[in-house]
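# Descriptive structure summary
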There are 2 protein chains.
Amino acid sequence: MQLATRMDRLVSSPVRDLLALTEQPDVISFAGGLPAQDSFPSRASLEIPESALQYGASEGDWPLRERIAALVCGRGLQCDPEHVIVLSGSQQGIDLVAKLLVDTGTPVAVESPTYLAALQVFSLFGAHYRPFAPGQAPPSANLVYLNPTFQNPTGHCYSTAEREHMRVECARHQAVLFEDDPYHDLCFENCDRTPVVSGYAGDWVYQGSFSKSLAPGMRLGYLVASENLVQPLIRLKQAADLHSNRLAQAWVMHLLEAEHTAERVCRLQDHYRARRDHFGSVLDAHFGDLADWSLPEGGLFFWLTLRDRHADTTAILEAALAEKVVFMPGRPFYPDTRHADANRTLRLNFSNATRDDVERGLAVLAPLIRSAVQG
Amino acid sequence: MQLATRMDRLVSSPVRDLLALTEQPDVISFAGGLPAQDSFPSRASLEIPESALQYGASEGDWPLRERIAALVCGRGLQCDPEHVIVLSGSQQGIDLVAKLLVDTGTPVAVESPTYLAALQVFSLFGAHYRPFAPGQAPPSANLVYLNPTFQNPTGHCYSTAEREHMRVECARHQAVLFEDDPYHDLCFENCDRTPVVSGYAGDWVYQGSFSKSLAPGMRLGYLVASENLVQPLIRLKQAADLHSNRLAQAWVMHLLEAEHTAERVCRLQDHYRARRDHFGSVLDAHFGDLADWSLPEGGLFFWLTLRDRHADTTAILEAALAEKVVFMPGRPFYPDTRHADANRTLRLNFSNATRDDVERGLAVLAPLIRSAVQG
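Notes on the structure follow.

The rules behind these values
Residues numbered from 1 in each chain as written. Chains lettered and ligands numbered in written order. Predicted model: local features only at pLDDT ≥ 70, side-chain atom pairs only at ≥ 80, totals over all residues. Heavy atoms only, no water. Pairing = 2+ DSSP bridges. Helix = DSSP H or I, 4+ residues; strand = E, 2+ residues; numbered from the N terminus. Axes fitted to C-alpha atoms, helices over the stretch in contact; angles between N-to-C directions. Contact = heavy atoms within 4.5 Å. Buried area = accessible area lost by both parts, 1.4 Å probe. Salt bridge = Lys/Arg side-chain N within 4 Å of Asp/Glu carboxyl O. Polar contact = N/O pair within 3.5 Å; in protein donor to acceptor, adjacent residues only side chain to side chain. Buried < 20%, exposed > 50% of the residue type's maximum accessible area, 1.4 Å probe, protein only. Parallel < 35°, antiparallel > 145°, perpendicular 65-115°, else oblique. Left-handed = near helix turned anticlockwise from the far one by under 90°. Nonpolar A, V, L, I, M, F, W, Y, C, P; charged D, E, K, R; others polar. Phe/Tyr/Trp six-rings, centres within 6.5 Å; stacked < 30°, edge-to-face > 60°. Lys NZ or Arg CZ within 6 Å of the ring centre and 35° of its normal. Least-squares fit on C-alpha atoms with pLDDT ≥ 70 in both. Lys, Arg positive; Asp, Glu negative; His and termini not counted.

This part covers the sheet that holds strand S4 (residues 107-111) of chain B. Residue and element names in this part refer to chain B. Spatially, S3-S9-S8-S7-S6-S4-S5 is the arrangement adopted by the seven strands of the open sheet, whose pairing is mixed. For this open sheet the edge positions go to strand S3 (84-87) and strand S5 (128-132), each flanked by a neighbour on one side alone. Within the sheet, the average angular offset between the axes of one strand and its neighbour, ignoring direction, is 20°. Here S4 runs beside strand S6 (residues 143-146); their pairing, made up of three bridges, is parallel. By the bridge assignment, Val110 is partnered in S6 with Tyr145. Contacting S3, strand S8 (204-209) and strand S9 (221-225), helix H2 (residues 62-74) crosses the sheet at an angle of about 110° to S3.

Attention now goes to the interface of chain B and chain A. With 77 residues of chain B at the contact, the number on the chain A side is 76 residues. For the chain B and chain A pair, buried surface summed over both sides reaches about 6400 Å², with 55% attributable to carbon and sulfur atoms. For the interface between chain B and chain A, the tally reads two salt bridges. Salt-bridge contacts for Asp95 of chain A lead to Lys99 of chain B; the nearest nitrogen and oxygen are separated by 2.6 Å. At the junction of chain B and chain A, the tally comes to 30 residue pairs in polar contact (both at pLDDT 80 or more). Contributions of two or more residues to the side of chain B that touches chain A are made by helix H1 (14-22), strand S2 (45-47), helix H3 (90-101), helix H4 (116-124), helix H6 (227-241) and helix H7 (246-258) of chain B.

Time to look at the environment of Ala133 of chain A. With respect to the helices and strands, the residue Ala133 of chain A is situated in the loop between strand S5 (128-132) and strand S6 (143-146). Along the primary structure Ala133 of chain A and Pro113 of chain A are separated by 20 residues, whereas in three dimensions their C-alpha atoms are 7.3 Å apart.

All names here are of chain A. Most of strand S11 (residues 301-306) is tucked away, with six of its six residues classed as buried. By the bridge criterion, two bridges tie strand S10 (residues 291-292) to S11 in an arrangement that is antiparallel. Its bridge partner lying in S11, Asp292 is registered against Thr305. Direction of pairing for S11 relative to strand S14 (residues 345-349): antiparallel, over a ladder of five bridges. Looking at S14, one finds that Phe301 is bridged to Asn349.

Attention now moves to the packing of H2 of chain B against H7 of chain B. All names here are of chain B. Following both chains from N to C, one finds H2 and H7 inclined at 45°, their axes separated by 10 Å at the closest point. When the axis of H2 is compared with that of H7, the two are oblique. At the point where H2 passes H7, the crossing takes the left-handed sense. Contact with H2, carried on its side by Pro63, Leu64 and Arg67, involves Gln249, Val252, Met253, Leu256 and Glu257 of H7 and no other residues of that element. For the contact of H2 with H7, the residue count by class is five nonpolar, one polar and two charged.

A separate point is the packing of aromatic side chains. All told, the structure shown has 21 aromatic pairs over all chains when counted by the stated rule. With centroids separated by 5.5 Å and ring planes inclined at 90°, the aromatic side chains of Phe30 of chain B and Phe279 of chain B adopt a geometry described as edge-to-face. With a gap of 249 residues between them, Phe30 of chain B in the loop between strand S1 (28-29) and S2 and Phe279 of chain B in helix H8 (residues 261-287) connect regions that are remote in the sequence. For the pair formed by Phe30 of chain B and Phe279 of chain B, the shared burial category is buried. By the ring-pair criterion, three or more aromatic residues cluster together here, those being Phe30, Phe188, Phe279, Phe302 and Phe350 of chain A. Just above the ring of Phe301 of chain A sits the side chain of Arg347 of chain A; from NZ or CZ to the centre is 3.7 Å.

The next point concerns the relation of the copies chain B and chain A. Taken as rigid bodies, chain B and chain A are interconverted by a rotation of 180° and an axial shift of 0.0 Å, the fit giving an RMSD of 0.0 Å. The two molecules are tied by a two-fold rotation axis, judged by turn and shift. Rotation axis and chain B: the residue whose C-alpha lies nearest the axis is Leu46 of chain B, separated from it by 2.6 Å. Most of the interface of chain B is mirrored in chain A: 99% of its interface residues are interface residues there too.

What follows deals with the side chain of Asp180 of chain B. Residues and elements named next belong to chain B. Within the secondary structure, Asp180 is located in strand S7 (residues 176-180). It turns out Asp180 is buried and unbridged, and the closest side chain with the opposite charge, Arg75, is 9.1 Å from it. There is a polar contact of 3.1 Å between the side chain of Asp180 and the side chain of Gln207.

In structure tokens:
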């Protein structure tokens, strides 16, 4: 049996592998990006519309596309429902855009560090990475992949000036600008969240998710694309899975119609802001001498850089696993793992563990790190 | 903007394009493969399990994987739940297998004609087709894609001898055998439906769907793979959409547990057998002098070959559209559209139109064809 050459480039996602471990009830996990279980809509049953049982349109059900267009307009991006494609989660958007634009050797500019499952997909299709630091100007590339609002993993939110600079630089390189915006609603401070693609002169794709603001188990997201890219993306969506689950589309539509969405988002922000603040105060107590970090203005993560330049967070994870505490080492988030900080960074999720587990877990983790960097 | 080279090979699926037309209520459609609306489970509401809202495992929820393994064992294929992957519809399985095995120029043996959305995916990844007639021995290839039970579009069901011959020939070529079995339950006559991959000496993938036996709007299918292929396929599934919708997984699990599945399948078979017989009798009345066909032993389609060797069913479709009747011309089902029958074949779906529409639609279509072949 001869596997396709791309399979040599496919590595398993460490997050997904770790998730398997965290299913053991006695493990304290800061690893995944799991929303809080108590943040989910309380609706416990769903009337299944008759129409949701039959095959549907590849681009999604029309009323939901209209609703998404309105939502995206509210964020400051002019949007025609015809340009909206409903996705089976926004991970699928990355697969579709990679198919659309990435051949073996295609230059793709990505933040360093960036969302690791995006790297997984772009690598599968043979991307040649041109890394840049979050917030900085991207190098020349056919495609620029960007997570400008509460970036995963760093939490960085591009300033108004950084957003404008990004538009200008991408236009100069005639790059397709691909903005991934899953954490948009999880905003804890006043900051500019206007989509970078808004007013962009070239071609672009913008995508969002209902995983963080409603529920990830639904696997429902969406993309909006510039005129030139809509039809090719719909054809790729057809080929990928015909269309997205209509039960989930009906459920999301129902929630967007029935609930006071703005109020729900406010409650969600309050909920996560309190979790962030608590997590931050426990970090202050235990990690002040060990690491540097910024308080994230949104999203689900703290990003720590250990002060010891020779620290190896992958090795520390091994020791932490033995103590039943897990986190994400920084390394897999780097397009080039030779980056100076690749081995001394780590990502901590603050949204899923209980207050008690946060206190116990960080109290276990800090001395482990302290002894590793001192040994 | 520079699209990936594969995009030159991607054509829109004509079935999906036609589906858009058939949404007009006054169009009689024999085009799609839509199950009958009155065949769907009558359950109108769903208790949403709390766990279904959170992220889940890429390979699918374990109880559903166990249930699927038991179902597949019942078909005569030994199956460990660890080897089952839940899919977002079985179209996704084709995407995953193409990613796993198809590089530009990889020889892929496919039936001629075959399922057109499989051709769409294999072409996207650059397959070099080696066509063979349904039921015949495949030529040498890395991958053999097969729809042996009530083949789409021809309805052919491989005999016991043809199944055994397929196993022997694929093993001789050391090909990966990819069996697509969406119509398994829609069986109207006694025939051997044992999976061809059962007892196959080489590597294989078998896939099935809940679209025909439960409801296509759920977009839920599954694959089972030989030991070597399971882990790479799970990694590809992660990269494609993280995991499949858990609401749909819960709904399917509930139906498989709560209903008397065997009785449900019997009712479904009776329902569709009656539709097939009625459709067949109307065809006899109108098309006896125009075309040849076999009564399908299962599945959802009649496959007609017009007697006139110069007939062009794509041109006839244009005329039929004007009369608000649609069907699928044969051409897009052929890996090589220069095949002698590519232009004089057509596929007619018998599962979705009402009895009245079948009678009216075929009464419109027959004279259209008669005048086209005489003109």
